[in-house]
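# Structural overview for review
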Amino acid sequence: MTAATLTAPVAPARRLGPAAGLRHTFTLAWRSLVQIKHNPMELLDLSIQPVMFVLLFTYVFGGAISGSPGDYLTFALPGIIVQNAFFATMTTGFGLNNDLTKGVFDRLRSLPIARWAPLAGRILADTVKQAWSVSLLVGVGVILGFRLGNGLPGLLGAFALLLAFSLAASWISVLVGVLVNEPEKVQIFGFMVIFPLTFTSNAFVPTETMPGWLQSWVEVNPVTILADALRGLLVGGPVAVPVVQSLLWAAVLAAIFAPLAVRGLRRRV
């Protein structure tokens, strides 16, 4: 006589609404931010390095490039903010890859939460870190003599534009994070790509001081366009054209890299 094997019916997965998904996203974003308490070096990386760039560029190169540190600070601070934002996007890929390689991401996805919440929470937390870094840079700049030509509206506009662009650019970091097998490789990618991208722009020196063959690239470089937009918003000058071009660049980056990153993540997990 054979014993009948009874299998308990599997309950269908409960569908979660957008409101529940947002709650899960905020909870996981808070998880990432609270981790700073246990790893303060992460916050120091977002604080000390940007401030060092401001101080070194202002007082070492300011007199040679613009005649005085004060004049150079007015020109270079928006560019330094843009460079810092690009490098900060790499923390998204680094943290995501770290969660993937250690199995944290799989444990999160095994919970009854929205499938997109772990990734969205990571990106949201890094956006908050971006806001902290930008606030710190502007604060240090004001202490050193930087003046906001367009007041609070220009400052808020610059914040919104930079965070929107950083959010779009972070998809590049996400894609790299799901493709490589070690977190350190995300940082290597950042130095190999972002470092030359920011230095072949007008973030630190005017375009007209560069060789003619390089100026053609500098003028279409997204770093240049975003730096010009921040200069217009923070200091004064053309705003509409560079802001629109920056938003177009952000839309293009998101349209290209977001689907690739999501596809790569699905294959990875």
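The notes below deal with the structure included here. (Residues numbered from 1 in each chain as written. Predicted model: local features only at pLDDT ≥ 70, side-chain atom pairs only at ≥ 80, totals over all residues. Heavy atoms only, no water.)

### A few points about the overall build of the protein chain
Looking only at helices and strands, the protein chain features eleven helices and zero strands. Counting from the amino terminus, the protein chain carries its helices and strands in the arrangement α-α-α-α-α-α-α-α-α-α-α. Each of the three principal axes of the protein chain carries a C-alpha extent, and together these read 95 × 40 × 35 Å. Scored against the burial criterion, the 269 residues of the protein chain give a buried share of 44%. Taking the contacts inside the protein chain whose residues are at least 6 apart along the sequence as the reference set, 79% of them involve residues at least 24 apart. For the protein chain, the accessible surface area stands at approximately 14,200 Å², while carbon and sulfur atoms represent 69% of it. Treating the 18 positive side-chain charges of the protein chain as one cloud and the 11 negative ones as another, the clouds have centres 17 Å apart. (Helix = DSSP H or I, 4+ residues; strand = E, 2+ residues; numbered from the N terminus. Buried < 20%, exposed > 50% of the residue type's maximum accessible area, 1.4 Å probe, protein only. Contact = heavy atoms within 4.5 Å. Areas by Shrake-Rupley, 256 points an atom, 1.4 Å probe, with all protein chains shown as cover. Lys, Arg positive; Asp, Glu negative; His and termini not counted. Charge placed at Lys NZ, Arg CZ, Asp CG, Glu CD.)

### Quick notes on the pattern of salt bridges
Applying the stated criterion to the full structure yields four salt bridges. Taking the shortest distance from any N to any O, the salt bridge between Asp-228 and Arg-231 comes out at 3.1 Å. Of the two residues, Asp-228 and Arg-231 both sit in helix H10 (residues 222-234), three residues apart, roughly one turn of that helix. The exposure class of Arg-231 is buried, given its relative accessible area of 9%. Connected through shared salt-bridge partners, Arg-31, Asp-99 and Arg-122 make up one network. (Salt bridge = Lys/Arg side-chain N within 4 Å of Asp/Glu carboxyl O.)

### Notes on the layout of surface pockets
Size it by volume and the second largest pocket reaches roughly 310 Å³. Phe-105, Arg-109, Arg-115, Trp-116, Leu-119, Ala-120, Ile-123, Trp-171, Val-262, Leu-265 and Arg-266 together form the lining of the second largest pocket. Breaking the lining of the second largest pocket down by element, the ones donating at least two residues are helix H5 (104-109), helix H6 (117-144) and helix H11 (240-268). Of the residues in the lining of the second largest pocket, the class split is eight nonpolar, no polar and three charged. (1 Å grid on protein atoms, 1.4 Å probe; cavity = no way out; pocket = protein on both sides within 12 Å on 5 of 7 lines; lining within 4 Å. Points joined across faces, edges and corners; volume = space filled by probe spheres on them. Nonpolar A, V, L, I, M, F, W, Y, C, P; charged D, E, K, R; others polar.)

### Focus on the packing of aromatic side chains
For the structure shown, the criterion picks out eleven aromatic pairs. Between the aromatic rings of Tyr-72 and Phe-75, the centroid separation amounts to 6.5 Å while the plane-to-plane angle is 40°, which identifies the pairing as tilted. Pair noted here: Tyr-72 and Phe-75 are both in helix H4 (residues 69-101), with a separation of three residues, about one helical turn. In this structure Tyr-72 comes out as buried when scored by relative accessible area, which is 1%. Through a chain of ring-to-ring contacts, three or more aromatic side chains come together here, namely Phe-53, Phe-57, Phe-61, Phe-87, Phe-191, Phe-195, Phe-199 and Phe-204. Its guanidinium or amino end placed over the ring of Phe-75, Arg-231 lies 4.0 Å from that ring's centre, counting from NZ or CZ. (Phe/Tyr/Trp six-rings, centres within 6.5 Å; stacked < 30°, edge-to-face > 60°. Lys NZ or Arg CZ within 6 Å of the ring centre and 35° of its normal.)

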